[in-house]
Amino acid sequence: MKYTNVVFVSDTHCGSPYGLDLKPKTPLQHNLLSAFKDALAWAGKPDILIGAGDYTHGLSEWDHETSPGMGQMPEQVELAAKVLRRFRAKEYLLTSGTPVHEGGGLITASKLVAMNLAESGARVQFHRRLRLRVNNWFRITVRHKIGSSKVPWGRFTGPKRFATWQVLHEALASARDGTKPEWPHLCAFGHVHHYTYTED
C-alpha cells in the first residue's frame, strides 16, 4: 500500500505578537517557534501540506491599538509564505481564512501567500473550501470556519454537526442520482485555536 504524508497547518497568524514568527520578539513567540520546529522535525518532508487559513493576522484597528509593532500586509504575507515553505512539501493545498485576517484587499492575504509560494517554485493550489481524495480513495474536506456552539461544553457541536450534514447531503445526492455516496472520511477545520477529535 502506498502511504501519503499529509500535514495540516492553520492559524499561524504571522504578523501578530501572538502569532508565529521566525525571528521571535516575545516569550510567547519563542515558545511557538520551538513548537513549530518540533512539528517540522516530526512532519519530515510531507507529500501534501493542507493549509486552513489565517496565515496572516490582518490589519484591524483593534489589533494595531493593542499591538503597535505588527507588520503591514506585505510583510505578513512574506513571513507566512516563509513559514509554510519550511515544511518543504511536494504540494501545498491552501484555503482562505477569516475576512478580518485577510487584509481587506482585492486579493485576499491567503491567496497572496499561495501566489508567493508558487513564485518560489512550489506546487500550489488555492481553494475557498477544499475537497481532496488521497491515494484515490481517502476523502478529506477542509474549511477554515464552521458553526460553533455557545455552550461551554459544546466545543465539538460544530464539527460533529458539519460531518453529519456531509453524510446526509451525500446520502440524498446518492438517492437522487443513483450514485455511490462519497462523504468525507476526514473533516478538518481551523479558526477555533483548539484541537478536538472524534470518529464513528
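So, a few notes on the structure that sits alongside this text. (Residues numbered from 1 in each chain as written. Predicted model: local features only at pLDDT ≥ 70, side-chain atom pairs only at ≥ 80, totals over all residues. Heavy atoms only, no water.)

1. Points about the packing of helix H3 (residues 73-85) against helix H4 (residues 109-119)
The interhelical angle for the contact between H3 and H4, taken along N-to-C directions, is 55°, at an axis separation of 9 Å. By the angle class used here, H3 and H4 are oblique. Relative to H4, H3 is oriented so that their crossing is right-handed. Residue-level inspection shows Met73, Val77, Glu78, Ala80, Ala81, Leu84 and Arg85 of H3 in contact with H4, the latter providing Ala109, Leu112, Val113, Asn116 and Leu117. A class-by-class count of the residues in the contact of H3 with H4 yields nine nonpolar, one polar and two charged. (Axes fitted to C-alpha atoms, helices over the stretch in contact; angles between N-to-C directions. Helix = DSSP H or I, 4+ residues; strand = E, 2+ residues; numbered from the N terminus. Parallel < 35°, antiparallel > 145°, perpendicular 65-115°, else oblique. Left-handed = near helix turned anticlockwise from the far one by under 90°. Contact = heavy atoms within 4.5 Å. Nonpolar A, V, L, I, M, F, W, Y, C, P; charged D, E, K, R; others polar.)

2. Focus on the sheet that holds strand S5 (residues 130-134)
One open sheet accounts for three strands, arranged S5-S6-S7; its pairing is mixed. The outermost strands of the open sheet, each flanked by one partner alone, are S5 and strand S7 (186-189). On average, each strand axis in the sheet is inclined to that of its neighbour by 20°, with strand direction left out of account. With five bridges joining them, S5 and strand S6 (residues 138-143) adopt antiparallel strand pairing. Across the sheet, residue leucine 130 finds its bridge partner in S6, namely valine 142. Together, S5, S6 and S7 form the strand contacts of helix H5 (residues 157-177), whose direction differs from that of S7 by roughly 135°. (Pairing = 2+ DSSP bridges.)

3. Examining the sheet that holds strand S4 (residues 124-127)
Read across the open sheet, the four strands follow the order S1-S2-S3-S4; overall the sheet is parallel. Among the strands making up the open sheet, the edge pair consists of strand S1 (6-9) and S4. Adjacent strand axes in the sheet meet at a mean angle of 15° when their direction is disregarded. The sheet contact formed by strand S2 (residues 48-51) and strand S3 (residues 91-95) spans four bridges and is parallel. The partner of isoleucine 48 across the bridge, within S3, is glutamate 91.

4. A short note on the side chain of glutamine 76
Considering the arrangement of structural elements, one finds glutamine 76 in helix H3. Overall, the relative accessible area of 1% leaves glutamine 76 in the buried class. (Buried < 20%, exposed > 50% of the residue type's maximum accessible area, 1.4 Å probe, protein only.)

5. Notes on the nonpolar core
Within soluble globular proteins, side chains that are nonpolar generally end up buried alongside one another. Counting 26 residues, the largest nonpolar core has Phe36, Leu49, Leu84, Phe87, Leu94 and Val113 as its most contacted members. When residues of this core are traced back to their parent elements, those giving at least two are S1, helix H1 (27-43), H3, S3 and H4. Considering each element in turn, this core owes the most residues, seven residues, to H3. Excluding its chain neighbours within four sequence positions, the residues that come into contact with leucine 84 are Val9, Leu49, Tyr55, Tyr92, Leu94, Val113 and Leu117. One finds Ile48, Leu93, Leu130 and Val142 within the second-largest nonpolar core, a separate group that totals ten residues. (Core = buried A, V, L, I, M, F, W, Y, C linked by side-chain atoms within 4.5 Å.)

6. Some remarks on the pattern of salt bridges
Considering all chains together, one arrives at seven salt bridges under this definition. Measuring nitrogen to oxygen at the nearest pair gives 3.3 Å for the salt bridge that ties arginine 131 to glutamate 170. Taken together, the residues span a long stretch of sequence, with arginine 131 in strand S5 and glutamate 170 in helix H5 at a distance of 39 residues. Of the charged contacts in the structure, one is a salt bridge between glutamate 182 and arginine 133, with a shortest N-O distance of 2.5 Å. Of the two residues, glutamate 182 is situated in the loop between H5 and S7 and arginine 133 in strand S5; the sequence distance between them amounts to 49 residues. In this structure glutamate 182 comes out as partly exposed when scored by relative accessible area, which is 29%. (Salt bridge = Lys/Arg side-chain N within 4 Å of Asp/Glu carboxyl O.)

7. Description of the pairing of S2
Neither face of S2 is open: one carries Ile48 and Ile50, the other Leu49 and Gly51, and all of them are buried. Relative to S2, S1 runs parallel, the two being bridged by four bridges. Following the sheet pairing, valine 7 is matched in S2 by leucine 49. Running through H1, the crossover from S1 to the neighbouring parallel element S2 is right-handed. (Right-handed = clockwise from strand over helix to strand, strands pointing away.)

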